[in-house]
Amino acid sequence: MNESHQIAMSVPGIGEAGRTGDWRHEYPVITAEACLPVKSGRDSCQICWAHCPDNCITRGAPPIIDLYYCKGCGICVEVCPTHAIVMHPEADRTGEGS
Amino acid sequence: MTVTVLTGNDAAATAAKLARVQVVAAYPITPQSPVVEALSEWVSSGELAAEFVNVESEHSALTVCITASTVGARVFTATSANGLAYMTEQVWWAAGARLPIVMCIANRAMAAPWNVLNDQQDSMSVRDAGWVQLYCRDNQEILDTTLQAWRIAERLNVPVMVCYDGFLLSHTMMPVDVPTAEQADAFLPPRTDPLQVVDPADPRNIGPVTLADPRKDAGGVVRPGYMELRHLHHRALLEALDVIPEVDAEYGATVGRTWGGLTWEYRLEDAEVALVAAGSLTTQLTLAVDALREDGVKAGVLGIRCYRPFPVAAVRERLGGTRLAVVFDKALSYGVEGPIASDVKAALQPLGAGAPAVFGTISGLGGRDVSPDDLAAAVRRAVADLDAGVTDREPDWINLNLEAEGGTR
């Protein structure tokens, strides 16, 4: 280990905390037709992108959620002004018991 | 070099000025307050080009030092007793983050009950936090040791506590040789090479969640686990056993005074009975030794200058030839004994049957006076116990008076 490893220090990077998607109990699904930027045809809203604590929602119309890292916290569901995002049981996606 | 008359607190503040500290943050508490009062005056007058940050607590004082040290500044704070206890969380953070912070402790008894006078329970209680701890015997040593502390801290990337007895040294005036600014600058160049990377163009998370096992980060680089970082920190403290005497020697070459590095001694060469302590009590022990020698007791002093890391090899070597070590603690690990006594026993244990007996004493708690006569009498009791075949015993509480009103008997 070199000198810089004498202390705990990390650099920003995708997946720095590992594959956090497997912590998930429920997963979010966006219904594009209900998403504001899709409906308005403008670069608007993006509230879910701004609020995602794990930075795993892209800006876009509709935004795309990276389920490899999404922990399933559901904050995007709470903040979406048009209720375009809903949580589904993880078992529905994987076929495994939850 | 100018000889001037300084209190211990003034000596500590003067060292910080000579070190050209860049950030000072502290909260007043007796008996430490005059240290930062002096520094705030010098910052205010422009005599010291530092930022003085007023804070609302000791916890914040050390937090300011942690953040300033993280971005590369040379920082200083000072506290005592309950102030140190209040900053305890950050005491551990400063060490674990490997920041070369220097903090003076004007040693004071812990409450409850409330007491502003001297013992060493405050700093002894954080001996395991990963700081280097140095104890001073007089005001000259406070100035010189505080200046040395930054050199030690910045070489090893560990924080250093410079401990001196409250009131007995903090408020007592003594002649002190103050090095010139040129000497101080030659001994202590500006801080370089921090471990931390603070660069907006190369962002880092410093001190992030660190799991039990080493693992690859997102870039594929293997990062140490928590236990590896603790081991590296331990190794840095062990390295201090070499660095502290080296820095003392460098100081001697530049300024003309040395203090013995890890330990020092008085009439110990041919001693059969060693008197062991840290701090100002050791000065009185030298007087006790003179009195004991007049009575034919071959006594000598082993002064513990560096308490953490504990100088195991030096203690074993210096005490190995004696038949009895009497340890004078001004602190207590409740239900066991004084902390220095435990460490001395552990250091001598590998000598087996050839090891001297180690008898502990407790004195001076909450500012209780202890004279050289009291100390010599305690040594005579210890020698009598040993001659009577005692090999281990409870600590001898010097000048304890349970017959006083409210006592248990």
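Computed from a predicted model, the values in this text were never measured in an experiment.

Q: Any chance you could explain the sheet that holds strand S17 (residues 357–362) of chain B here in plain terms?
A: Within a sheet, neighbouring strands are paired by backbone hydrogen bonds and run either parallel or antiparallel to one another. All names here are of chain B. With respect to topology, 6 strands assemble into an open sheet ordered S12-S14-S13-S16-S17-S18, the strand pairing being mixed. Whereas interior strands pair on both sides, the edge strands pair on one side only; in this sheet they are strand S12 (263–266) and strand S18 (396–397). Bridge analysis of S17 against S18 gives 2 bridges, and the strand direction is parallel. In the sheet register, Thr361 faces S18, and the bridge partner there is Asp396. Here helix H10 (residues 281–294) sits on the sheet and contacts S12, strand S13 (273–277), strand S14 (299–304) and strand S16 (324–329); the angle it forms with S14, its principal contact strand, is near 170°. Helix H13 (residues 372–387) contacts S13, S16, S17 and S18 of the sheet and is inclined by roughly 140° relative to S16.

Q: When you look at the pattern of salt bridges in this model, what are you seeing that I'm missing?
A: Oppositely charged side chains may form a pair once their charged atoms are brought near each other. All names here are of chain B. Applying the stated criterion across every chain, the model contains 29 salt bridges over all chains. In this structure, Glu246 engages Arg155 in a salt bridge whose closest nitrogen and oxygen atoms are separated by 2.7 Å. Residue Glu246 is located in helix H9 (residues 226–255), and its partner Arg155 is located in helix H7 (residues 139–156); the two are separated by 91 residues in the primary sequence. For Asp165, the salt bridge is made with Lys330, and the minimal N-O distance between the two is 4.0 Å. One end of the pair, Asp165, is in strand S7 (residues 160–165); the other, Lys330, is in the loop between S16 and helix H12 (339–348), with 165 residues separating them in the sequence. For the pair Asp165 and Lys330, a shared accessibility class is recorded, and that class is buried.

Q: Sorry, what's going on with the side chain of Ser363 of chain B here?
A: Residues and elements named next belong to chain B. Structurally, Ser363 is set in the loop between S17 and H13. Owing to a relative accessible area of 1%, Ser363 belongs among the buried residues under this scheme. Not counting the four nearest positions on each side in its chain, Ser363 is found in contact with Leu281, Asp329, Lys330, Val370 and Ile398.

Q: Looking at this structure, I do not really get the sheet that holds strand S3 (residues 51–54) of chain B. What am I missing?
A: Residues and elements named next belong to chain B. Strand order in this open sheet of 7 strands is S3-S2-S4-S5-S7-S6-S15, and the pairing throughout is mixed. Of all strands in the sheet, those bounded by a partner on one side alone are S3 and strand S15 (306–308). Neighbour-to-neighbour, the strand axes of this sheet turn through a mean angle of 20°, independent of strand direction. One ladder, built from 4 bridges, connects strand S4 (residues 75–79) with strand S5 (residues 102–107); its direction is parallel. From the neighbouring strand, Thr79 faces S5, where its bridge partner is Ile105. On the sheet, H7 packs against S4, S5, strand S6 (132–135) and S7 and is oriented at approximately 170° with respect to S7.

Criteria and thresholds
Residues numbered from 1 in each chain as written. Chains lettered and ligands numbered in written order. Predicted model: local features only at pLDDT ≥ 70, side-chain atom pairs only at ≥ 80, totals over all residues. Heavy atoms only, no water. Pairing = 2+ DSSP bridges. Helix = DSSP H or I, 4+ residues; strand = E, 2+ residues; numbered from the N terminus. Contact = heavy atoms within 4.5 Å. Axes fitted to C-alpha atoms, helices over the stretch in contact; angles between N-to-C directions. Salt bridge = Lys/Arg side-chain N within 4 Å of Asp/Glu carboxyl O. Buried < 20%, exposed > 50% of the residue type's maximum accessible area, 1.4 Å probe, protein only.

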